[in-house]
Amino acid sequence: MAIITVNHLRKTYGTRVAVEDVSFSVEEGEVFGIVGRNGAGKTTTVECVAGLRTPTAGTVTVDADLKEQVGVQLQECSLPDKIRVGEALALYASFYSRPAGWRALAEEAGLDLRAPFGKLSGGQRQRLSVALALVGSPRVAILDELTTGLDPRARRETWDQVVRIRERGVTVLLVTHFMEEVERLCDRVAVVSRGRVRAVDTPAGLVARAGGEQRLVFHTDDPVDGLRALPEVASVTTSGSEVTVTGTGDLLSAVAAVLPPSRTRGLRMERTTLDDAFLVLTAESLAGTQEES
Amino acid sequence: MTKAFGKLAAVEARLFLREPMAVFFAIVLPVGLLLALGTTIPGFRDADPSLGGQRFVDAPFTAMMVLLSIVTLGLSVLPGSLVIYRERGVLRRLSTTPVRPGALLAAQLLINVVVSVVATTLTLVLGHLILGVPLPGSPWAFAAVFVLGTLTMLAIGLLLAAVAPNARVVQGAGSALMFPLLFLAGMWLPRPAMPELLGRISDFTPTGAFGQGLMDTLGGHVPQPLHLAVLAGWALAAGLAAARLFRWE
């Protein structure tokens, strides 16, 4: 049973269309990602889900008390510089009827209770912000651009925090533009571009949709025309001594059977990544909108 | 809900005490000026025939220091912190919790009222003990002026917070208003010494009316109805405008 259902959501500000037509549903207990470029309408969408904005058209249904059971971490929301970590957590805990243990949350996030907000690093601020979103023991956590601007290490620590949220059975709605984040954390993703949903699938499903192609690149002085006949091979292109072979299935073994690896130099294999898939899916949508107009 | 408000007010109070500038300008400076100048400048403690035999420290100086503290709170401290809270998304963040952002506004107002009571009490009590400034003959008349004046200045602070787009503008506008308003209250040129037109204008300004009301009640007189009416009018107008114009984000 879906805990969040968004149906043909549309949001305009005057003549500017922030969200054109967005529909998706989030199942209880999953980590659902909304991925798209800046300005694609991701934040507006989750702000409508969080009840911060009223949709122009369409419906948003959340099967939980918005204030009590939905924890929110917003982009560009901070705290007064002089408030201490412990004070902020205790304060927010006092707002809810069934708060979580805030000391444990702080410890889990590796935060010093006495540190003032103004002295925290970017990663610590983000982890505090997530802890604040969890302090009411919510059923749903909405996390917007969680790791933007963080260094790789801080990003990993924040991801660990999200994994722990999921283990508690909290449903997570995660907005991001990092494919690596989607791959690590999300069970399913909605790809949003220009205010519309282009695809909703698992990360692996998105890769498969984008072709799921593998690519072998190597140098050889041998003739390569024989490779074209292999069923696994889709295309062979050469550029001087460099050869690029694309295809599916067990491409590497098939190629090796015809062309012994000892006859090749600098062999590397590339797969379609989620990044590629995202570019393909949103490029199609861009072409689509051009045709429409 | 009341538990949450209590907690919010307690945290806001601690945050206020951690701002050295706010504590200095709202409490330390007015009380310090009264005691420092009152004890060192001999003329301030001599009976002044132009004040009907009162000493300068008794009513005018004490009144101006009470006013200084409350004007600082209304034009700088309150709007400054509210605009920063809006700018930083603190109010927006609160609106996603069971607590309404209005609770934070109420907590801020409460703290500013408490600080103005503390500063005024310290000014009166220390002035009385150290300089022999008489306590208000009619505490109720003084309290009425104090309450109306404080409401007026805080309502103006709310209006500033409502219309200022960011923290820098609100600080600039607060200081730009503060000096003419303190001048019109008689901070540098006592109201009796003002040219008639200036005095008349001063009567209708929030600080002129507040300052005169404080001087009257500290000097053992009844506040003039005109000044009470002027204060009530400003409080109502600024309060209503602020309520209409205030934005949470």
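Higher on the page you've got the structure.
One numbering rule holds for all chains: residues counted from 1, following each sequence as written. A letter from A marks each chain and a number from 1 marks each ligand, given out in the order of writing. Given that the model is predicted, a residue must reach a pLDDT of at least 70 before its local features are reported, and side-chain atom pairs must reach 80 or more before they are shown or counted; all residues, however, enter totals for whole chains, interfaces and linings.

1. What about the sheet that holds strand β10 (residues 214–220) of chain A?
Residues and elements named next belong to chain A.
- What the 4 strands build is an open sheet, ordered β11-β12-β10-β13; its pairing is antiparallel. The sheet is open, and its two edges are formed by β11 (233–239) and β13 (264–271), each paired on a single side. Each neighbouring strand pair of the sheet contributes to a mean axis angle of 15°, computed without reference to strand direction.
- Two strands pair if DSSP finds at least two bridges between them. Here a strand is any run of E in DSSP of at least two residues, a helix any run of H or I of at least four, and the numbering for each starts at the N terminus. Relative to strand β12 (residues 242–247), β11 is paired through 6 bridges, and the arrangement is antiparallel. Bridge pairing in β12 places T238 opposite V243.
- Placing a C-beta atom from the backbone of each residue, one calls two residues in contact when those atoms lie within 7 Å. A fitted line through C-alpha atoms represents every axis, and for helices the fit uses only the stretch in contact; the resulting angles, taken between N-to-C directions, go from 0 to 180 degrees. Against the sheet, helix α9 (residues 251–258) touches β10, β11, β12 and β13, its axis set at about 30° to β10.

2. Quick word on the packing of helix α3 (residues 57–87) of chain B against helix α9 (residues 206–218) of chain B
Residues and elements named next belong to chain B.
- At a minimum axis separation of 8 Å, α3 and α9 run at an interaxial angle of 135°. When the axes of α3 and α9 are compared, the pair comes out oblique. The two elements α3 and α9 cross, and the hand of that crossing is right-handed. Along the contact surface, α3 presents D58, A59, P60, T62, A63, M64, V66, L67 and V71, while α9 presents T207, F210, G211, L214, M215 and L218.
- Lys, Arg, Asp and Glu make up the charged group, whereas Ala, Val, Leu, Ile, Met, Phe, Trp, Tyr, Cys and Pro make up the nonpolar group; the residues left over, Gly among them, are polar. Of the residues contributing to the contact of α3 with α9, the split by class is 11 nonpolar, 3 polar and 1 charged. Any angle that falls under 35 degrees is termed roughly parallel, while one over 145 is termed roughly antiparallel, one within 65 to 115 roughly perpendicular, and all others oblique. What makes a crossing left-handed is the near helix being turned counterclockwise from the far one by less than a right angle; a clockwise turn instead makes it right-handed.

3. Some details on the pairing of strand β6 (residues 140–144) of chain A
Residues and elements named next belong to chain A.
- A large share of β6 lies buried, amounting to 5 of its 5 residues.
- What you see with β6 is no split at all: V140, I142 and D144 on one side and A141 and L143 on the other are buried throughout.
- With 4 bridges connecting them, strand β5 (residues 70–73) and β6 associate as parallel partners. The residue of β6 that forms the bridge with G71 is A141.
- Relative to strand β7 (residues 171–176), β6 runs parallel, the two being bridged by 5 bridges. Bridge pairing links V140 to T171 in β7. Put plainly, a residue is buried at 20 or more neighbouring C-beta atoms within 10 Å of its own, exposed at 12 or fewer, and partly exposed in between, counting only other residues' C-beta atoms, which are placed from the backbone.

Remember, this is a structural readout, not a statement about activity or role.
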